[in-house]
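So you can see what is in the structure, the chains are spelled out below.
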Amino acid sequence: MDLIIIFIGAALINNFVLSYFLGICPFIGVSSKISSAISMGLAVIFVMTITSIVSWLINHLILIPYHLEFLTIPSFILVIASLVQFVEMVIKKVSSAIYRALGIFLPLITTNCAILGLALFAQMRDYSLIESIIFALGAGSGFTLALVIMAGIREELELANVPEPFQGAPITLIVAGLLALTFMGFAGII
Amino acid sequence: MKKQVSLHYEFLKGLWEIHPIFKQALGLCPTLAVTVSAINGLAMGLATTFVLIFSSVIISSIRKIVPNQVRIATFILIISTFVTIVDLVMKAKFPELSKALGPFIPLIVVNCLILGRAEAFASKNKIFRSFLDALGNGTGFLLALVVLGSIRELLGTRCIFGFQILPDGFSTWMVMILPAGAFLTLGLLLGFANAYTKWKKEKSEKEILITN
């Protein structure tokens, strides 16, 4: 039951993009087409899940036993950067179809603050390994959901007559604001 | 050899011409997340400026000995060192602010503004110029955060920096202190910034036409 609450909490109520503001750059940059939004979302879910496992292991097997908590930030960021590279190489070797689908989105994920944010949140809230994985899956699904909805709206928005200074990033932010308002409606479900 | 611009300009350009938020849309995550109040914006701006200045100076001073292939990893390690310093100092000296900003202090590491300046400027320029560039960009970022925080705090709680400005009769806009308010305010500010730039450009073009 707790696991379901963690999943729904991370995916809908405390959506990473719309209420924690993590991963705004890809949210604005990659949300102009639904197909690329889905690829980006899948890549993020994938990297988030692996990151949550590896960062939990590092935290509980290295940092805490040796009292190295002050090294959290550098070690997590290094792990994420090398993990993304590693995942990229493995996917390239194993399946070129997936590799082509994810394309440039994989390297971009390194600088996605949602990934580091996820690792830090899981550490702050003292999740167990299983809880961290569920949290990562929920956060990744929430990110994908927000990204795909946004891409859908933006595809329609191209036909709309937006005043020139507001085209691009400004109107995207305003739409995201309205989207955040609707996501607040989920607050009551737990 | 490209033309050297004045030192004066290296600082000033960060305040408007290449403003990190309004012109380049860099570092939006912390901008949106922490600007519930002006004081949070100020703290975040100061923390980011500190990290930006020190990492720019260090990166600029070692720019010739870092091999090109590993430069990004090196930059990130340098940045994360300074972020750790800020994080620990804030936890010790300002526990309340540190709590309010939550994971966003550690997340300065992945603020694209800092890596962006390191890659675009500090890794190619002399130490003093990099310092001025970092100072200018940091100040621009800080000002934008304080402005955004002030607007949201004023409309959401009638106060700025905790001092009441609007009368009690003003009914507060709850939406401003919610996440949605951040998106709406920044979207509108960006739009107005674009409109202002366009208006100024048209004006200067007209002036050129008249003088010719």
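The structure presented is a predicted model; accordingly, all values stated were derived computationally and were not measured. (Residues numbered from 1 in each chain as written. Chains lettered and ligands numbered in written order. Predicted model: local features only at pLDDT ≥ 70, side-chain atom pairs only at ≥ 80, totals over all residues.)

## A look at the overall build of chain B
Point 1. A count of helices and strands for chain B gives 9 helices and 2 strands.
Point 2. Secondary structure elements of chain B occur, N-terminal to C-terminal, as α-α-α-α-α-α-α-β-β-α-α.
Point 3. For chain B, the proportion of its 212 residues judged to be buried stands at 44%.
Point 4. Sequence separation of 24 or more characterises 75% of the internal contacts of chain B that already satisfy a separation of 6 or more. (Helix = DSSP H or I, 4+ residues; strand = E, 2+ residues; numbered from the N terminus. Buried ≥ 20, exposed ≤ 12 C-beta atoms within 10 Å, placed from the backbone. Contact = placed C-beta atoms within 7 Å.)

## Re the overall build of chain A
Point 1. Secondary structure summary: chain A contains 9 helices and 0 strands in total.
Point 2. Starting at the N terminus and ending at the C terminus, chain A contains elements arranged as α-α-α-α-α-α-α-α-α.
Point 3. For a compact globule of 190 residues, the expected C-alpha radius of gyration is about 16 Å, and chain A comes in at 17 Å, within 12% of that figure.
Point 4. Counting only C-alpha atoms and orienting by the principal axes, one finds that chain A spans roughly 60 × 45 × 30 Å.
Point 5. Residue burial in chain A is summarised as follows: out of 190 residues, 44% are buried.
Point 6. Sequence-distant contacts, at least 24 apart, represent 80% of the contacts inside chain A between residues at least 6 apart. (Rg over C-alpha atoms; globule rule 2.2 N^0.38 Å.)

## Observations regarding the confidence of the model for chain B
Point 1. Residue-level pLDDT values for chain B average 88, and 98% of them are 70 or greater.
Point 2. Here the predicted complex carries an ipTM of 0.84, next to a pTM of 0.88. (pLDDT = per-residue confidence, 0-100.)

## Some points on the interface of chain A and chain B
Reports often express the size of an interface as the amount of accessible area lost when the parts come together.
Point 1. Facing the 32 residues of chain A at the interface are 34 residues of chain B.
Point 2. At the level of elements, helix H2 (24–29), helix H4 (72–94), helix H7 (113–124) and helix H9 (169–183) of chain A are the ones that each hand at least two residues to the side of chain A that touches chain B.
Point 3. Of all the elements, H9 of chain A adds the most residues to the side of chain A that touches chain B, at 9 residues.
Point 4. Taken together, the residues of the side of chain A that touches chain B sort by class into 28 nonpolar, 4 polar and no charged. (Nonpolar A, V, L, I, M, F, W, Y, C, P; charged D, E, K, R; others polar.)

## Considerations on helix H1 (residues 2–13) of chain A
Note that an α-helix has 3.6 residues per turn; residues three or four places apart therefore point the same way.
Point 1. Looking only at H1 of chain A, the buried set comprises Ile 6, Ala 10, Ala 11 and Leu 12 of chain A.
Point 2. Along its buried surface, H1 of chain A packs onto helix H8 (129–157) and H9 of chain A.

## Some remarks on unusual backbone geometry
All names here are of chain B.
Point 1. Positive phi outside glycine occurs at Arg 158, with the angle close to 70°.
Point 2. Relative to the assigned elements, Arg 158 resides in the loop between helix H7 (127–157) and strand E1 (159–160).
Point 3. Here Phe 161, not a glycine, exhibits a phi torsion of approximately 50°, which is positive.
Point 4. Within the element layout of this structure, Phe 161 appears in the loop between E1 and strand E2 (163–164).
Point 5. By C-beta crowding, Phe 161 is classed as partly exposed, having 14 other C-beta atoms within 10 Å.

## Digging into the nonpolar core
Point 1. With 109 residues, the main nonpolar core has Leu 116 of chain A together with Ile 79, Val 109 and Phe 183 of chain B as its most contacted residues.
Point 2. Beyond its immediate stretch of four places on either side in the chain, Val 109 of chain B contacts Ile 73, Ile 77 and Leu 116 of chain A together with Ile 76, Ile 79, Ser 80 and Val 83 of chain B. (Core = buried A, V, L, I, M, F, W, Y, C linked by C-beta atoms within 7 Å.)

## A short note on the confidence of the model for chain A
Point 1. Here chain A shows a mean pLDDT of 86. Residues at 70 or above account for 95%.
Point 2. The secondary structure element of chain A with the lowest average pLDDT is helix H6 (residues 105–109) of chain A, at 71, and the one with the highest is H8 of chain A, at 93.

## Quick word on the packing of helix H3 (residues 38–61) of chain B against H7 of chain B
All names here are of chain B.
Point 1. Here H3 crosses H7 at 165°, and the two axes come no closer than 8 Å. Taken as axis vectors, H3 and H7 run roughly antiparallel relative to one another. Of the two elements, H3 crosses H7, and the hand of that crossing is right-handed.
Point 2. Partitioned by chemical class, the residues of the contact of H3 with H7 number 16 nonpolar, 14 polar and 2 charged. (Axes fitted to C-alpha atoms, helices over the stretch in contact; angles between N-to-C directions. Parallel < 35°, antiparallel > 145°, perpendicular 65-115°, else oblique. Left-handed = near helix turned anticlockwise from the far one by under 90°.)

## Quick look at the packing of H4 of chain A against helix H4 (residues 71–93) of chain B
Point 1. Axis separation between H4 of chain A and H4 of chain B bottoms out at 8 Å; the angle between their running directions is 150°. What the angle tells us is that H4 of chain A and H4 of chain B run roughly antiparallel. Regarding H4 of chain A and H4 of chain B, the two cross each other, and that crossing is right-handed. Counted together, Ile 73, Pro 74, Ile 77 and Ala 81 of chain A of H4 of chain A and Ala 73, Ile 76, Leu 77, Ser 80, Thr 81, Val 83, Thr 84 and Asp 87 of chain B of H4 of chain B form the full contact between these two elements.
Point 2. Each residue belonging to the contact of H4 of chain A with H4 of chain B can be placed in one class, and the counts come to 8 nonpolar, 3 polar and 1 charged.

## With respect to the environment of Ile 24 of chain A
Point 1. Its location among the elements puts Ile 24 of chain A in helix H2.
Point 2. Since 29 C-beta atoms lie within 10 Å of it, Ile 24 of chain A is described here as buried.
Point 3. What Ile 24 of chain A contacts, discounting residues up to four positions off in sequence, is Val 17 of chain A together with Leu 28, Cys 29 and Leu 32 of chain B.

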